[in-house]
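Residue strings, one per chain:
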Amino acid sequence: MKTSQNTVLLIGGTAGIGLEIAKQLTALDNHVIITGRNQERLDTAAASLQNVTTILSDVSKAGDVDQLVERIKVDFPQLDIIINNAGRAILYNLADQGQDAFANAEDEMLTNYLSIIRINQKLLPVLLAQESSAIVNVSSIVAYVPGITLPTYAASKAALHSYSTSLRLSLEETSVKVFELMPPLVDTEFSKEIGGHNGIKPSVVADDLLAALANDEYEIRVGDTAKIYELFRQSPVDALNVMNASRKANIDSVQH
């Protein structure tokens, strides 16, 4: 997959991993369309970039997605990459009776999984019209190994991992390539509550994504994700213990 002179739709690109991906893509002469739910954050992101278009849009709302799709079809029919980076994570413990696990899971599943299926399906005809195109779904290390602190978030990312694999198989005879980006803990505002300051820089994630796009490496296991994946293959129990030991330590450090 070429990494320059593309038209890229980046869902959730105003901060963190998304903003860093936008910076690197625009530096390579790609036009990036960034969506987000907050106009002020969109404006701030746009001010730091060149060759971008910002669109106020909430991927979890069907009406917003319909308007976004129509805008793409009219103004950007050459769209050839979609990066699904919007995310919702709720930090809690399933044993906490003060939490509504169903409501939390419903919220996370809608943003992290169902919304991605919807926008991919609606924009697939645009991608199929291109000579070469790609879908990038951003999942997580917890797609392999769930944790005590983000239980239903992990479930949504596991669902996204399964869907991404099925989508790749379904489209393997077409022009559309399907990538899955699996970051570990990253130092962003999004991960602040689980010790994000201990994580890798967003630039590392963006670097690995661009390298994988160029080399058609479809499952992109960044940093510790690759280590956890190998441990998971050898011993799922050991991987689970390692993951949750680190998560508990992060939570303890935050609480104390």
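Scroll up a little and you will see the structure.
Please read all numbers here as calculations on a predicted model, not as lab measurements. Note on numbering: residues in each chain are counted from 1, in written sequence order. Reporting in this predicted model follows two pLDDT cut-offs: at least 70 for local features of residues, and 80 or more for side-chain atom pairs to be given and counted; totals over whole chains, interfaces and linings ignore these cut-offs and use all residues. Side-chain descriptors were evaluated using all non-hydrogen atoms of the structure, hydrogens and water having been removed beforehand.

**Q** Just to check I follow, could you spell out helix 7 (residues 224-234) for this structure?
**A** Every α-helix carries 3.6 residues per turn, so stepping three or four residues along brings you back to the same face. In this scheme, a residue with accessible area under 20% of its type's maximum is buried, one over 50% is exposed, and one in between is partly exposed, where area comes from a 1.4 Å probe on protein chains only. Helix and strand assignments come from DSSP, with helices taken as H or I runs of at least 4 residues and strands as E runs of at least 2, each series counted from the N terminus. All of the buried residues in helix 7 are Thr 225, Ile 228 and Tyr 229. Looking straight down helix 7, one finds its buried side chains confined to an arc of 105°; they lie on one side. Among the exposed residues of helix 7, those oriented more than 90 degrees off its buried face are Lys 227 and Gln 234. Read the arc as the range of directions from the helix axis to the C-beta atoms.

**Q** I would appreciate a short explanation of the sheet that holds strand 1 (residues 7-11) in the present structure.
**A** Strand pairing in a sheet takes place through backbone hydrogen bonds and is either antiparallel or parallel in direction. In this scheme, strands are said to pair when DSSP sees at least two bridges between them. Pairing is parallel in the open sheet, where seven strands are placed in the order 3-2-1-4-5-6-7. Two strands close off the open sheet at either side, each with one partner strand: strand 3 (52-56) and strand 7 (219-221). Put simply, the sheet's adjacent strands are angled 15° from each other on average, direction ignored. Sheet topology places strand 2 (residues 31-36) next to strand 3; five bridges connect them, and they run parallel. Within the sheet, the bridge partner assigned to Thr 35 lies in strand 3 and is Ile 55. Running at roughly 170° to strand 4 (residues 81-84), helix 4 (residues 101-128) makes contact with strand 1, strand 4, strand 5 (133-138) and strand 6 (176-182) of the sheet. Where helix 5 (residues 151-170) meets the sheet, it contacts strand 5, strand 6 and strand 7, and its direction lies at approximately 155° from that of strand 6. Between N-to-C directions, angles cover 0 to 180 degrees, with each direction set by a line fitted to C-alpha atoms, over the stretch in contact for helices. Contacts are assigned to residue pairs that have any heavy atoms within 4.5 Å of one another.

**Q** Explain the pattern of salt bridges here, please?
**A** Any two side chains of opposite charge can pair if their charged atoms end up close together. A pairing counts as a salt bridge when a side-chain nitrogen of Lys or Arg comes within 4 Å of a carboxyl oxygen of Asp or Glu. Scanning the entire structure with this criterion turns up nine salt bridges. In this structure, the salt-bridge partner of Arg 88 is Asp 107, at a minimum N-O distance of 2.9 Å. Separated by 19 residues along the polypeptide, Arg 88 in the loop between strand 4 and helix 4 and Asp 107 in helix 4 bring together distant segments of the chain. Look at Arg 88 and you get partly exposed, because its relative accessible area is 31%. The exposure class of Asp 107 is partly exposed, given its relative accessible area of 29%.

**Q** How should the pairing of strand 6 be read in this particular structure?
**A** Look at any regular strand and the pattern is simple: side chains alternate between the two faces of the sheet. Of all seven residues in strand 6, six are buried; the element is thus mostly enclosed. Of the strand pairs in this sheet, strand 5 and strand 6 are connected by six bridges, and their pairing is parallel. From the neighbouring strand, Asn 137 faces strand 6, where its bridge partner is Glu 180. Seen with the strands pointing away from the viewer, any crossover whose path from the first strand over the helix to the second strand runs clockwise is right-handed. Remark: the strand 5/helix 5/strand 6 crossover connection has right-handed handedness.

**Q** Please explain the packing of aromatic side chains as it appears in this structure.
**A** Aromatic pairing here means that ring centres of Phe, Tyr or Trp (its six-membered ring) are within 6.5 Å. Orientation follows from the plane angle: under 30 degrees is stacked, over 60 is edge-to-face, and everything else is tilted. Going through the model one piece at a time under the given rule, you end up with four aromatic pairs. Consider the rings of Tyr 113 and Tyr 163, whose centres lie 6.3 Å apart with planes at 80°: the pair is edge-to-face. A residue pair is termed long-range when its members are at least 10 positions apart, and Tyr 113 in helix 4 and Tyr 163 in helix 5 qualify at 50 residues. The interplanar angle of 55° and the centroid separation of 5.0 Å between the aromatic rings of Phe 179 and Tyr 218 together place this pair among those described as tilted. Of the two residues, Phe 179 is situated in strand 6 and Tyr 218 in the loop between helix 6 (202-215) and strand 7; the sequence distance between them amounts to 39 residues. Relative accessible area serves as the criterion here: at 0%, Phe 179 is assigned to the buried category. Of the residues examined, Tyr 218 reaches a relative accessible area of 30% and is grouped as partly exposed. Members of the aromatic cluster, connected to one another through ring pairs, are Tyr 144, Tyr 229 and Phe 232.

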